[in-house]
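One letter stands for each residue in the lines below.
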Amino acid sequence: MKNLNKNMYHSENYKIYSFNCNENGEASYQSLVQYMIETSIEQTNIVMKNNHDFDDYFWVIYQWDIDFIKRPKMGDEIIIETVSAGAKKFYAYRNFTIFDEEGNVFVQAKSKWLLLNKNRKMPVRVPDELINLYGKDESLEVINGEFDFNKDLEFTTEMDFRIRKSDIDTNKHVNNAKYIDWILETFNGYKKIDKIQLTYKKETRYGEEIKSKSTELLEENGNKVMYNIIEDSEGNVKTLSKIYLGD
């Protein structure tokens, strides 16, 4: 493992509890995403400890590209490693791997983040000084651009949700992992996800009413895929996602 900067790599150990699981005792997709986010938060806490030069900024996730290879089960001990993969203009990149103590990989993920000013809530260019604190492994593959999302898609299944207090995180908007639940609710019995590509377009706050809409199962290049869009009552897009389904 490379170690050009001691902050570049960070790992956390977790256990899969019953409240993390579905009815079959498998870790939910939402809980795995949440654990990855928590691991990145822990890395930031370490990197920024006693460093107050960037107190006026905070990170928000913009895009996921996640491969679910195998789902851990209730009682499993997992390790999540995250790696800083550098930054370009307004975006910073980090990758994740979820595996067990024997090295069996459950999940591999790439993510793209925006740096926001706390007062203006607007994206700012990532300073070189900040990314140097994290270190960067520029050999890693990162999310490059946006995934294809056909504007002419027909959404045939939809569900309405009202944002509850329990959906809100410490940034005072909907926890990013929560969107996975809303997507899955529209899947008409399809439960196994092989891959998800997800872009967050606009934050969602307490009390809002949103709609999750999905297409029928489609065939693309030999893959089974479904598309989902989440929007508010005025049609403002919150998320776009493309989901690859397994058998």
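Before reading further, recall that the structure is shown in the block above.
Model, not experiment: these values are computed from the prediction. (Residues numbered from 1 in each chain as written. Predicted model: local features only at pLDDT ≥ 70, side-chain atom pairs only at ≥ 80, totals over all residues. Heavy atoms only, no water.)

Counting 51 residues, the largest nonpolar core has M36, W64, I66 and I196 as the members making the most contacts within it. The biggest single contributor to this core is helix α1 (residues 29-47), with seven residues. In this structure I196 touches W64, D65, I66, F68, I180, I183, K242 and I243, once residues within four positions along its chain are discounted. Of all hydrophobic cores here, the second largest spans eight residues; its members include F147, F149, L153 and L240. (Core = buried A, V, L, I, M, F, W, Y, C linked by side-chain atoms within 4.5 Å. Buried < 20%, exposed > 50% of the residue type's maximum accessible area, 1.4 Å probe, protein only. Helix = DSSP H or I, 4+ residues; strand = E, 2+ residues; numbered from the N terminus. Contact = heavy atoms within 4.5 Å.)

Let's shift gears to the pairing of strand β4 (residues 91-99). When you tally the buried positions in β4, you get seven out of nine residues, the bulk of the element. Bridging between strand β3 (residues 77-88) and β4 involves eight bridges; their strand directions are antiparallel. Note on β4: the bridge partner recorded for T82 is F96. Where β3 folds back on β4, the antiparallel hairpin that results is connected by two residues, among which K89 adopts a positive phi of roughly 55°. Here β4 runs beside strand β5 (residues 105-117); their pairing, made up of nine bridges, is antiparallel. Within β5, the position partnered with A92 by the bridge is W113. Between β4 and β5, which pair antiparallel in sequence order, lie five residues; one of them, G103, sits at a positive phi of approximately 90°. (Pairing = 2+ DSSP bridges.)

Below, the discussion takes up the environment of N7. Topologically, N7 is positioned in the segment before β1 (9-15). N7 gets classed as buried once you look at its relative accessible area, which sits at 18%. Expressed as a C-alpha distance, the spacing of N7 and L133, which sit 126 residues apart in the sequence, is 7.2 Å. The contact partners of N7, leaving out residues within four places of it in the chain, are Q43, I46, V47, L133 and Y134.

In this section: the pattern of salt bridges. Taken as a whole, this structure holds 15 salt bridges when the rule is applied. Of the charged contacts in the structure, one is a salt bridge between D65 and K195, with a shortest N-O distance of 2.5 Å. Highlighted residues: D65 in strand β2 (residues 57-68) and K195 in strand β7 (residues 193-200), separated in sequence by 130 residues. A salt bridge links E203 to R205; its shortest N-O distance comes to 2.5 Å. Its relative accessible area of 38% is what places E203 among the partly exposed residues. Taking the relative accessible area as the measure of exposure, R205 reaches 33% and is therefore partly exposed. (Salt bridge = Lys/Arg side-chain N within 4 Å of Asp/Glu carboxyl O.)

Before going further, it helps to examine the pairing of strand β10 (residues 223-232). Of all ten residues making up β10, eight are buried, and the element is well covered by its neighbours. Strand direction decides the pairing type here: strand β8 (residues 209-214) and β10, joined by five bridges, are antiparallel. Looking at the pairing, S212 lines up with I230 of β10. Pairing analysis gives three bridges linking strand β9 (residues 218-220) to β10, with the strands arranged antiparallel. Bridge pairing in β10 links L218 to V225. The antiparallel pairing of β9 with β10 creates a hairpin that spans two residues between the two strands, and N221 there sits at a positive phi of about 50°. The pairing of β10 with strand β11 (residues 237-245) spans eight bridges and is classified as antiparallel. Across the sheet, the residue bridging to N228 is S241, located in β11. From the end of β10 to the start of β11, which pair antiparallel, there are four residues, and G235 there has a positive phi angle of about 85°.

Take unusual backbone geometry next. The backbone phi angle of K89 is positive, close to 55°, even though this residue is not glycine. Here K89 is to be found in the loop between β3 and β4. For K121, which is not a glycine, the phi torsion comes out positive at approximately 55°. When you line up the elements, K121 lands in the loop between β5 and α2 (128-134).

Let's shift gears to the packing of aromatic side chains. In the structure shown here, the tally under the stated rule is 13 aromatic pairs. Taking 4.7 Å as the distance between ring centres and 70° as the angle between the ring planes, the aromatic pair formed by Y29 and F68 counts as edge-to-face. Taken as a pair, Y29 in helix α1 and F68 in strand β2 lie far apart in primary sequence, 39 residues in all. With a relative accessible area of 3%, Y29 lands in the buried category. The interplanar angle of 70° and the centroid separation of 5.4 Å between the aromatic rings of Y179 and Y200 together place this pair among those described as edge-to-face. Of this pair, Y179 sits in helix α3 (residues 178-184) while Y200 sits in strand β7, and the two are 21 residues apart along the sequence. Like Y179, the residue Y200 is buried in the burial classification. (Phe/Tyr/Trp six-rings, centres within 6.5 Å; stacked < 30°, edge-to-face > 60°.)

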